[in-house]
Amino acid sequence: VSGVCPPFPFLMLIRYRWLFIVEGAATVGWAICAHFLLLDFPSQTSKKFTERELLLANMRLAMDNNSPTTGTEGVRPKLSSVKALVRALSNWRTWIMVFGYMVIVGSSTLSYFYPTLVQGLGYKSTKAQYMVIPIYAVSFVTVVVSGIVMDRYHQFRGLAIAGWLSVSCVCCIAVCVVYNFTARYVLLIFMASGLWAANALGLSFASSTFADMEQETKGVALALVNALGNLAQIYGAYLFPKGDQPKYLLGFGVIAGMCGVGVMIYIAAHILLRRK
Amino acid sequence: MDTKDVKCHEADYVEDYQDTTDVQFEAGEEKKLVRKIDLFLMPTIWLMYLMSYMDRTNIGNAKIAGMNEDLHLSSTQYSMALVIFAKTRPSVFLPTIMGPWGIVTCCMAVIKDYNHLLALRFVVGVLESGFAPGILLIISSWYKREEQSKRFAVYISAAVLSGAFGGLLAGSITSHLDGSHGLEGWR
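Residues numbered from 1 in each chain as written. Chains lettered and ligands numbered in written order. Predicted model: local features only at pLDDT ≥ 70, side-chain atom pairs only at ≥ 80, totals over all residues. Heavy atoms only, no water.

**Brief notes about the pattern of salt bridges**
Quick reminder of the rule: One speaks of a salt bridge when a side-chain nitrogen belonging to Lys or Arg is within 4 Å of a carboxyl oxygen belonging to Asp or Glu. A run of H or I in DSSP becomes a helix once it reaches four residues, and a run of E becomes a strand once it reaches two; helices and strands are each numbered from the N terminus.
In the structure shown here, the tally under the stated rule is 11 salt bridges over all chains. The salt bridge partner of Arg 52 of chain A is Glu 29 of chain B, with a shortest N-O separation of 2.6 Å. Here Arg 52 of chain A is found in helix α2 (residues 51-63), whereas its partner Glu 29 of chain B is found in helix α3 (residues 29-59) on a different chain. Here the salt bridges share partners, and the residues they tie into one network are Arg 60 of chain A together with Glu 30, Lys 144 and Glu 147 of chain B.

This is how it looks when you write it as structure tokens:
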């Protein structure tokens with residue numbers, strides 16, 4: 001708890017008010033811009049592209065066994081919503097990606113607790129909030145670098161995710177036995193970076209695994225990955241109860257276990273999807 | 001890509017295209033097209049995601065874990081309704097949910113009761129839940145497999161950055177307010 005007393009809570013209210021208004025206005029403004037900037041699907045007509053460009057866009061994806069042409073007249077009939085749902089649900093590839101991503105997002109609830117965890121460093125609460133920033137900075141760089149590298153070796157995405165989750169898993173276990181503050185902070189940075197990198201790769205792995213599904217089915221499968229991943233965050237909120245301070249063995253233990261499961265899921269995914 | 005690649009591929013729809021068109025593409029053309037797609041999609045999506053994440057972080061999720069639960073549940077149900085998304089235009093669908101969530105966020109500024117704030121936050125959450133699956137499908141539909149990791153990395157990087165920004169914001173707010181009270185302080 002920082003030593004500074006609130007001058008008056010009212011001042012706080014004003015601060016928040018500005019925050020909400022600025023944020024809301026920016027969101028509305030950007031929504032309007034986005035309407036003009038966003039691209040529709042390649043199969044839909046667009047004023048932003050010439051016919052030739054659209055043809056190339058569709059063709060290069062068809063070559064990649066992606067199926068953006070669904071829905072275009074004369075190519076393939078549209079799939080009904082129910083049919084798309086059934087197809088997505090009955091495809092094992094959907095489920096392996098759902099479970100894998102659930103593990104990643106579930107473990108990522110860790111990010112809600114960075115400030116709490118960093119407080120273990122002995123920083124007062126204000127400083128603790130700032131000390132969260134390096135965690136995100138390192139994660140940012142990791143995510144971007146890992147994305148660039150893994151496009152080059154895209155057939156090994158499953159293994160790369162397994163690798164990142166192993167890093168997080170090992171750090172989680174180490175954090176349970178190491179109580180030196182600085183060491184724990186560094187471990188926390190590695191843990192977070194591994195999870196964020198795995199998150200981005202998990203999405204691209206899922207998306208490219210679904211590449212040959214019909215557009216509608218792919219939409220449902222991706223929504224499932226996203227939605228069930230979010231669902232995995234619910235129990236995450238209970239992983240770091242105040243009573244567990246400062247070691248948080250339960251939270252780190254569960255996350256280590258989840259990452260371990262994730263490693264197995266993604267290695268299995270790599271093996272099963274290798275031939276494709 | 002050169003034209004040779006196009007010809008040796010066996011997928012049905014490529015042949016469909018080949019039959020109906022005699023268009024030949026030059027080597028540099030694909031690269032140029034991908035750059036154009038990037039230019040339209042990446043900054044737009046990045047900023048959208050940054051904004052959607054920002055208010056999640058600035059209210060402080062950990063402090064309202066109970067509401068989180070409701071939010072995630074409803075977002076799951078809502079995402080299921082997104083089957084329709086595959087049939088709409090993203091340039092209409094996404095701004096249509098984003099506009100109202102921005103307006104509701106503005107409304108939070110005039111709220112006097114904490115529970116009302118939570119209610120509004122819930123509405124924003126429901127609107128936002130249509131956002132992520134939509135973005136995933138757009139990226140998935142425009143890029144080849146070996147191009148996707150980079151683009152999803154850009155997408156996730158917005159979430160990471162807004163986390164850092166949230167930390168900065170929270171730091172400056174708690175330095176003016178007793179950190180342990182958080183939002184309760186202004187109730």
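**Quick notes on the nonpolar core**
Selection criterion: Among buried residues, the Ala, Val, Leu, Ile, Met, Phe, Trp, Tyr and Cys ones that are joined through side-chain atoms within 4.5 Å form a nonpolar core. Exposed residues in this analysis have more than 50% of their type's maximum accessible area, buried residues have under 20%, and partly exposed residues fall in between, with area computed by a 1.4 Å probe over protein chains only. The contact criterion used is simple: two residues touch if any of their non-hydrogen atoms lie within 4.5 Å.
Membership of the largest hydrophobic core comes to 123 residues, with the highest contact counts inside it found for Leu 110, Trp 196 and Phe 252 of chain A together with Trp 142 and Tyr 155 of chain B. With 14 residues, the single largest contributor to this core is helix α9 (residues 181-209) of chain A. Discounting chain neighbours no more than four positions away, the residues touching Trp 196 of chain A are Ser 111, Tyr 114, Tyr 136, Ser 139 and Val 143 of chain A together with Tyr 53, Ile 156, Ala 159 and Val 160 of chain B.

**Overview of the packing of aromatic side chains**
Here is the rule: Within 6.5 Å between ring centres, the rings of Phe, Tyr and Trp (the latter by its six-membered ring) count as paired, and their orientation is classed by plane angle as stacked under 30 degrees, edge-to-face over 60, tilted in between. Geometrically, a lysine NZ or arginine CZ counts as sitting over a ring once it is within 6 Å of the ring centre and also within 35 degrees of the ring normal.
Taken as a whole, this structure holds seven aromatic pairs over all chains when the rule is applied. Residues Trp 95 of chain A and Phe 99 of chain A carry aromatic rings whose centres are separated by 5.9 Å and whose planes lie at 35 degrees to one another, so their mutual orientation is tilted. Residue Trp 95 of chain A and its partner Phe 99 of chain A are located together in helix α4 (residues 92-108), separated by four residues, close to a single helical turn. Under the relative-accessibility criterion, Trp 95 of chain A is labelled partly exposed at 28%. The interplanar angle of 40 degrees and the centroid separation of 6.1 Å between the aromatic rings of Phe 205 of chain A and Tyr 266 of chain A together place this pair among those described as tilted. Remark: Tyr 266 of chain A occurs in helix α12 (residues 249-273) and Phe 205 of chain A occurs in helix α9; sequence separation between them is 61 residues. Through a chain of ring-to-ring contacts, the aromatic side chains of Tyr 49, Trp 101, Phe 131 and Tyr 155 of chain B assemble into a single cluster. Lys 48 of chain A extends its terminal NZ or CZ atom over the ring of Phe 40 of chain B, reaching a point 5.8 Å from the ring centre.

**Digging into the side chain of Gln 215 of chain A**
Applied cut-off: Pairing of N or O atoms within 3.5 Å defines a polar contact, subject to two protein rules: one partner must be a possible hydrogen donor and the other a possible acceptor, and residues neighboring in sequence count only if both atoms are side-chain atoms.
Among the secondary structure elements, Gln 215 of chain A is positioned in helix α10 (residues 215-231). The class for Gln 215 of chain A is buried, based on a relative accessible area of 3%. Only 3.3 Å separates the side chain of Gln 215 of chain A from the side chain of Ser 141 of chain B, close enough to count as a polar contact.

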